[in-house]
Amino acid sequence: MGGSASLLPREALGEYQELTFLSKQEILLAYKRFSELLPKERRENACSARVPKSQILTLPELRANPFQHRICRVFSTSDDGDDSMSFEDFLDMLSVFSDSATSDIKSHYAFRIFDFDDDGTLDRKDLEKLVNCLTGQGEESRLSNAEMEQLIQNILEESDIDKDGTINLSEFQHVVSRSPDFASSFKIIL
């Protein structure tokens, strides 16, 4: 039996290289890691299989990420709303989180991940969830209501250019453009 490369058609590999920010080696490694999340009997058809969210979240690279559920939601193309991933979903995710992805691409997906209610803006509820994800859900790390309100007010004062009480994508990208370490910290390496 051949290696994982023999199960990924050469033309598909070339197409994936053109459509992602990943190298041939990174795509082959992604295929191997994706296949390993499937039961043995389904690995032969990994390109057409879907991996349940529960399996995706077993990846060490996502297990400790406070946004793991949102990442699955944003990158999943499942019609069932179960956040399962196809191999192409998985590649899209790895491509966005790769060192080679542009800051614009990274900030666009970061915005989508932080937009918890998927309404195209970051409002107070989204910002509160974002802060809670970053600070942890435990009692000792949770901010008081006053601290949370002050932090959200500071974020909006700094980011809400049109003063409508929300942060839109262009406002978010403007803030991110002034953060030199954003692109280097928004990554997943297999």
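One can find the structure itself at the top, above this paragraph.
Quick summary incoming for the structure in this document. Just so you know, these numbers come straight off a predicted model, no measurement behind them. (Residues numbered from 1 in each chain as written. Predicted model: local features only at pLDDT ≥ 70, side-chain atom pairs only at ≥ 80, totals over all residues. Heavy atoms only, no water.)

### Observations regarding a negative patch on the surface
Taken together, the side chains of Glu11, Glu15, Glu18, Glu88 and Asp92 make up a negatively charged region of the molecular surface. At the level of secondary structure, the elements contributing two or more residues to the negative patch comprise helix H1 (10-19) and helix H6 (87-96). Per-element tally for the negative patch: the top contributor is H1, with 3 residues. Topologically, glutamate 88 is positioned in helix H6. (Patch = residues over 30% accessible without salt bridge, like charges linked within 9 Å, V, L, I, M, F, W, Y side chains within 5 Å. Areas by Shrake-Rupley, 256 points an atom, 1.4 Å probe, with all protein chains shown as cover. Salt bridge = Lys/Arg side-chain N within 4 Å of Asp/Glu carboxyl O. Lys, Arg positive; Asp, Glu negative; His and termini not counted. Charge placed at Lys NZ, Arg CZ, Asp CG, Glu CD. Helix = DSSP H or I, 4+ residues; strand = E, 2+ residues; numbered from the N terminus.)

### Observations concerning the environment of isoleucine 188
Turning to its location among the elements, isoleucine 188 is positioned in the segment after helix H11 (182-185). For isoleucine 188 and methionine 93, which are 95 residues apart along the polypeptide, the C-alpha to C-alpha distance reads 8.9 Å. Other than its neighbours up to four places away in sequence, isoleucine 188 contacts Glu61, Leu62, Leu94 and Phe97. (Contact = heavy atoms within 4.5 Å.)

### Observations regarding the pattern of salt bridges
Taken as a whole, this structure holds 9 salt bridges when the rule is applied. Here aspartate 99 makes a salt bridge to lysine 187, at a shortest N to O gap of 3.5 Å. Residue aspartate 99 is located in the loop between H6 and helix H7 (103-114), and its partner lysine 187 is located in the segment after H11; the two are separated by 88 residues in the primary sequence. For glutamate 149, the salt bridge goes to arginine 124, with nearest N and O atoms at 2.7 Å. Note that glutamate 149 is positioned in helix H9 (residues 145-159) and arginine 124 in helix H8 (residues 124-135), a separation of 25 residues in sequence. Glutamate 149 gets classed as partly exposed once you look at its relative accessible area, which sits at 38%. Arginine 124 sits in the partly exposed class, given a relative accessible area of 33%. Among the charged side chains, a salt-bridge network with shared partners connects Lys53, Arg73 and Asp83. (Buried < 20%, exposed > 50% of the residue type's maximum accessible area, 1.4 Å probe, protein only.)

### A few points about the packing of aromatic side chains
A complete count under the given rule lists 11 aromatic pairs for this structure. Aromatic pair phenylalanine 34 and phenylalanine 90: ring centres 5.4 Å apart, planes at 45°, arrangement tilted. With a gap of 56 residues between them, phenylalanine 34 in helix H2 (residues 24-36) and phenylalanine 90 in helix H6 connect regions that are remote in the sequence. Comparing phenylalanine 34 with phenylalanine 90 shows no difference in burial state: the two are buried. When the centroid spacing of 4.9 Å and the interplanar angle of 10° are considered together, the rings of phenylalanine 75 and tyrosine 109 count as stacked. Of this pair, phenylalanine 75 sits in helix H5 (residues 68-75) while tyrosine 109 sits in helix H7, and the two are 34 residues apart along the sequence. Each member of the pair phenylalanine 75 and tyrosine 109 is classed as buried. (Phe/Tyr/Trp six-rings, centres within 6.5 Å; stacked < 30°, edge-to-face > 60°.)

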